[in-house]
Structures are given as structure tokens and as C-alpha cells.
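# Examining the three-dimensional arrangement
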Protein chains: 2
Amino acid sequence: MEDLPLIALTPPPPYFAVIFTTLLADDVPGYADMADRMMDLASRQPGYLGVESVRAGSGITISYWSDEASIRAWRDHAEHALARRLGRESWYTAFALRVCRVDRDLFFERPTGQDPE
Amino acid sequence: MEDLPLIALTPPPPYFAVIFTTLLADDVPGYADMADRMMDLASRQPGYLGVESVRAGSGITISYWSDEASIRAWRDHAEHALARRLGRESWYTAFALRVCRVDRDLFFERPTGQDPE
């Protein structure tokens, strides 16, 4: 499977997922830049496997990690900790965060019927 | 925490999540009706705890379940099995499906500062 938009090409299970479901306030100065910055910063942390995110203001972002220690290290990253504080104070009216162990997965890609380029 | 849009008010962990990340084809006749029907049907299955879904054509839908047997029973539900076949044949260009055990979670809701109604 080649690179696809949205879908993270994670390795075989087990691995870990952080599901972050957010409701945004009406006015969120600085949020979009910070969200982009955090996506970029997360992708350079040890144990990072990928991310899937659909946001339309409110939204769902799932990051995938090789182990729980990597999730804790990212939680405690200084710049991320600042972003999390701003999130609670300014941007999010509500959120749910869930840490999961992925036990099995399944990927599907429809054959295109086209010759490879 | 009262009813919130998007966020599923799941019970304390452990419980299970099915993360379904989809890329839709350009033309998807019957998809929206079937997706709504499946959301409704899932919500009436044993072990169902809630759903979170953000779809803009492609999207992420996460359903929460009390145990893995309930996830398997829903997978094998006859009407759902038909929908899954149509999905592979007609609607999805690609998807990832992940079954996870949620080990910990965290809910945040900003105080409104308003008197209760």
C-alpha cells in the first residue's frame, strides 16, 4: 500500500493509539498554527508511528505510537505541555482523550485496474 | 458531563474501540443513507457504548463497545455484512480498521460560568 491521504500506514499490531476528540470554542486565536506545529513536533518524537486527523473546527485526531512510554514522553514534552494548557484555557470547550492498545487491524485498498506508472 | 455533540460519554475503562478510517470514491450512490442506517443499527446492538464520527466524505468513525464478543457479533450481523460488502465494492477506495482496548481516558469540559438553567 502506497502513501494514502488520511490513513496512517502503521506496522503490525500490537501498537498504541491516542484518540483525541475535540469540541472547539467559537473563537480560537492561534489554534490552527499550534495544531499544525504539534502535528509536526509529534511526528519527530521517538516511537511515533503516524497520525490520522479529520478536523472541521471540532474533530478527531488519532496518533499512533510503538509503546506507552513514548506516549508519556510526548505528553510531558515541554512545548506540548504548553499547548495542552492553552487548549484547556482557550481553545477547547470539551475534549475526550483515550489511550488504547491496538490488537488487530485490517487495511483495504481497491485495485485501480490501471497499469503502474 | 451532559450530552455533548461528537464526544461519546463512555464508562470507565477498560472498554473497546473500533477505529474506522475511510477514503470514499468520488461517486458513492446510496452511501449516506447506508452510513446513517449502520450508525442507527449499531447503536441497538448488545455491548454498544457510543460512537464518534467526523465525515466530510472521507472520515473517521470510532465505535465503542463493552467487550470484543460484541464487536464480533456486530461484524457478523447480516445487514452489516451486506453493507461491508457494498463498501468494498462501491464506496471505499481505501480504509483502515483497527480494534483496540481502551486502557485509560480523560474527559474535559470547560466551566461555562453560567447559572444552570
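This structure is a prediction, so every number in the text was calculated from the model and none was measured.

We now examine the overall build of chain A. A tally of helices and strands in chain A yields three helices and four strands. Along the three orthogonal principal directions, the C-alpha set of chain A runs to about 50 × 30 × 20 Å. Relative to its full complement of 117 residues, chain A shows a buried share of 40%. In chain A, the proportion of contacts linking residues at least 24 apart, taken out of those at least 6 apart, comes to 73%. Here chain A displays about 6,200 Å² of accessible surface, and carbon together with sulfur accounts for 52% of that area.

All right, on to helix 2 (residues 68–75) of chain B then. Listing the buried residues of helix 2 of chain B in full gives S70(B), I71(B) and W74(B). Burial along helix 2 of chain B is one-sided: seen end-on, the buried residues are contained in an arc of 100°. Contacts made by the buried residues of helix 2 of chain B are with strand 4 (92–109) of chain A together with strand 1 (15–24), helix 1 (31–42), strand 3 (58–65), helix 3 (78–91) and strand 4 (92–109) of chain B. Of the residues flanking the start of helix 2 of chain B, the one acting as N-cap is D67(B), its side-chain oxygen 3.2 Å from the backbone nitrogen of A69(B).

Moving on to the nonpolar core. Of all hydrophobic cores here, the largest spans 25 residues; its most connected members are I19(A), I60(A), I62(A), I19(B) and I62(B). Secondary structure elements with two or more residues in this core: strand 1 (15–24), strand 3 (58–65) and strand 4 of chain A together with strand 1, strand 3 and strand 4 of chain B. If near-sequence neighbours (up to four positions away) are discounted, I60(A) is found in contact with I19(A), F20(A), T21(A), E52(A), S53(A), V54(A), L6(B), E52(B), S53(B), V54(B), I60(B) and I62(B).

The subject of this paragraph is helix 1 (residues 31–42) of chain A. Residue and element names in this part refer to chain A. Between its terminal C-alpha atoms helix 1 stretches 16 Å, which fits the 16 Å expected from twelve residues at 1.5 Å a residue. Here helix 1 has its buried residues at Y31, M34, A35, M38, L41 and A42. An end-on view of helix 1 places all buried positions within 130° of arc, on one side of the element.

Quick look at the pairing of strand 3 of chain B now. Successive side chains on a regular strand alternate, one facing one side of the sheet and the next facing the other. All names here are of chain B. Among the eight residues that make up strand 3, seven are buried, leaving the element largely enclosed by the rest of the structure. Two elements, strand 1 and strand 3, share seven bridges in a ladder whose sense is antiparallel. Bridge pairing in strand 3 places F16 opposite W65. One ladder, built from eight bridges, connects strand 2 (residues 48–56) with strand 3; its direction is antiparallel. Looking at strand 3, one finds that S53 is bridged to T61.

Superposing chain B onto chain A requires a rotation of 180° together with a translation of 0.0 Å along the rotation axis, leaving an RMSD of 0.0 Å. This pairing of chains is accounted for by a two-fold axis.

Residues and elements named next belong to chain B. Where helix 1 meets helix 3, the closest approach of the two axes is 11 Å, and the angle between their N-to-C directions is 150°. Between helix 1 and helix 3, the interaxial angle falls into the category roughly antiparallel. Pair helix 1 / helix 3 crosses with left-handed handedness. Here Y31, M34, R37, M38 and L41 of helix 1 come into contact with helix 3, specifically with E79, H80, A83, L86 and W91. Split by residue class, the contact of helix 1 with helix 3 holds seven nonpolar, one polar and two charged.

Right, let's talk about the pattern of salt bridges for a bit. All told, the structure shown has twelve salt bridges over all chains when counted by the stated rule. Between R98(A) and E52(B) there is a salt bridge whose closest N-O contact spans 3.0 Å. Of this pair, R98(A) sits in strand 4 while E52(B) sits in strand 2, placing the two residues on different chains. Of the two residues, R98(A) and E52(B), both sit in the buried class.

Every contact between the two is made by 47 residues of chain B and, on the other side, 47 residues of chain A. When the two sides are added together, the surface that chain B and chain A hide from each other amounts to roughly 3,900 Å², 59% of it contributed by carbon and sulfur. Summed over the three residues of chain B that lose the most area to chain A, namely R98(B), R104(B) and F108(B), the buried surface amounts to 20% of that side. Here chain B is connected to chain A by two salt bridges. The tally of links between chain B and chain A comes to 27 residue pairs in polar contact (both at pLDDT 80 or more). At the level of elements, strand 1, strand 2, strand 3, helix 2, helix 3 and strand 4 of chain B are the ones that each hand at least two residues to the side of chain B that touches chain A. At 18 residues, the largest contribution of residues to the side of chain B that touches chain A is made by strand 4 of chain B. Here strand 4 of chain A runs beside strand 4 of chain B; their pairing, made up of 15 bridges, is antiparallel. By the bridge assignment for strand 4 of chain B, E109(A) is matched with A94(B).

What counts, and at which threshold
Residues numbered from 1 in each chain as written. Chains lettered and ligands numbered in written order. Predicted model: local features only at pLDDT ≥ 70, side-chain atom pairs only at ≥ 80, totals over all residues. Heavy atoms only, no water. Helix = DSSP H or I, 4+ residues; strand = E, 2+ residues; numbered from the N terminus. Buried < 20%, exposed > 50% of the residue type's maximum accessible area, 1.4 Å probe, protein only. Contact = heavy atoms within 4.5 Å. Areas by Shrake-Rupley, 256 points an atom, 1.4 Å probe, with all protein chains shown as cover. Arc of directions from axis to C-beta. Polar contact = N/O pair within 3.5 Å; in protein donor to acceptor, adjacent residues only side chain to side chain. Core = buried A, V, L, I, M, F, W, Y, C linked by side-chain atoms within 4.5 Å. Expected span 1.5 Å × (residues − 1). Pairing = 2+ DSSP bridges. Least-squares fit on C-alpha atoms with pLDDT ≥ 70 in both. Axes fitted to C-alpha atoms, helices over the stretch in contact; angles between N-to-C directions. Parallel < 35°, antiparallel > 145°, perpendicular 65-115°, else oblique. Left-handed = near helix turned anticlockwise from the far one by under 90°. Nonpolar A, V, L, I, M, F, W, Y, C, P; charged D, E, K, R; others polar. Salt bridge = Lys/Arg side-chain N within 4 Å of Asp/Glu carboxyl O. Buried area = accessible area lost by both parts, 1.4 Å probe.

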